[in-house]
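Letter by letter, the chains look like this.
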Amino acid sequence: MTLLLMLISNVAIAQRIYSFKGIPVRGLIEKFADSLKSYNFDVSVEEAFLGNYYNIKGICFGEECKLELVEADADYDFIAGVLVLTPEQDTWEKTFSKYNEFKKMFTELYGKPYTKLETVGPNNPKNGIDIYRSIRNSEAAFISCFHDDQGGGAEGTVTLSIAVKEELFGDPKGYLKIEYLNNKVVPIGYSVDRDLLPK
């Protein structure tokens, strides 16, 4: 089965980006987490300082991924988005290849990215480890953003990016972050006009 078919069958975004696996990205975060269980996601909950932390694992894009739920800035009990973290890759070449594969896949689904930043930074790193460290230090970036209306009226956004995990012992590893955001809800940590928050 091709990666594109896996995306359609396993992620089931349906017609709009603001749904994840057919579940609307809105409402109570606890209810959204419970809905993921019906798709065979393993959901565990830990109490945190500002509400609960949801540890979620399951199959996305044909492989075991971790999920994080993005809280709404106005109320931590409400969901604003879903963050999918793919398995770590041991080389830059594998990470970059997977990034390009996903970017092509999303382009076929949603059209060309409405914004894109792909640069190894000003220091021109000579190898994958140096590129990883440049990304970690915000000197390099590989990010593509998509939405369901190229005219600007999108209700949801998908952002694909390369992220880096620094190992205590050994070389850093790369992975992909795929963020599904409901544009009608302001995520925590985003700087926006408060008048845009849902009433």
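For the structure, see preceding data.
A count of helical and extended segments in the protein gives four helices and ten strands. Along its sequence from the N terminus, the protein presents helices and strands in the succession α-β-β-α-β-β-β-β-α-β-α-β-β-β. Taking all 199 residues of the protein together, 43% fall into the buried category. Of the contacts made within the protein by residues no fewer than 6 positions apart, 54% connect residues no fewer than 24 positions apart. Accessible area of the protein: about 10,900 Å², with a carbon and sulfur share of 50%.

In summary, the side chains of a regular strand alternate between the two faces of the sheet. The element strand 6 (residues 79-85) is largely enclosed, with a buried count of seven among its seven residues. Two strands pair when backbone bridges link them, and strand 5 (residues 63-71) and strand 6 are joined in this way by six bridges, in the antiparallel orientation. Among the inter-strand pairings, V70 is bridged to a residue of strand 6, identified as G81. Here strand 6 pairs with strand 10 (residues 173-182) via five bridges, running antiparallel.

Another point: the pairing of strand 9 (residues 156-165). In terms of burial, strand 9 is a largely internal element, nine of the ten residues being buried. In terms of strand pairing, strand 8 (residues 141-147) meets strand 9 through five bridges, oriented antiparallel. Looking across to strand 9, one finds that H147 is bridged to T157.

Counted according to the given criterion, the structure contains 13 aromatic pairs. Taking the centre distance of 6.5 Å and the plane angle of 85° together, the rings of F61 and F106 count as edge-to-face. On the criterion of sequence distance, the pair formed by F61 in the loop between strand 4 (51-60) and strand 5 and F106 in helix 3 (residues 92-110) is long-range, its members being 45 residues apart. According to the relative accessible area criterion, F61 is buried, its value standing at 2%. By relative accessible area, F106 is classed as buried at 0%. Between W92 and F142, the aromatic rings sit 5.3 Å apart at their centres with planes inclined by 55°, giving tilted as the arrangement. With W92 in helix 3 and F142 in strand 8, this residue pair connects regions lying 50 residues apart in the sequence. An aromatic cluster is defined as three or more aromatic residues linked by ring pairs; in this entry it consists of F61, F102, F106, Y110 and F146.

Further remarks concern helix 2 (residues 29-37). Looking at helix 2, one finds that the buried residues are I29, F32, A33 and L36. The buried residues of helix 2 occupy an angular sector of 100° when projected down its axis, which confines them to one face. Counted as exposed and oriented over 90 degrees from the buried face of helix 2: E30 and K31.

This brings us to the pattern of salt bridges. Between side chains of opposite charge, a pair can form as their charged atoms come close. Summed over all chains, the structure comprises seven salt bridges. Notably, a salt bridge pairs E88 with K165, separated by 3.4 Å at the nearest N-O pair. Of this pair, E88 sits in the loop between strand 6 and helix 3 while K165 sits in strand 9, and the two are 77 residues apart along the sequence. For E88, a relative accessible area of 35% corresponds to the partly exposed category.

The rules behind the values
- Residues numbered from 1 in each chain as written.
- Predicted model: local features only at pLDDT ≥ 70, side-chain atom pairs only at ≥ 80, totals over all residues.
- Heavy atoms only, no water.
- Helix = DSSP H or I, 4+ residues; strand = E, 2+ residues; numbered from the N terminus.
- Buried < 20%, exposed > 50% of the residue type's maximum accessible area, 1.4 Å probe, protein only.
- Contact = heavy atoms within 4.5 Å.
- Areas by Shrake-Rupley, 256 points an atom, 1.4 Å probe, with all protein chains shown as cover.
- Pairing = 2+ DSSP bridges.
- Phe/Tyr/Trp six-rings, centres within 6.5 Å; stacked < 30°, edge-to-face > 60°.
- Arc of directions from axis to C-beta.
- Salt bridge = Lys/Arg side-chain N within 4 Å of Asp/Glu carboxyl O.

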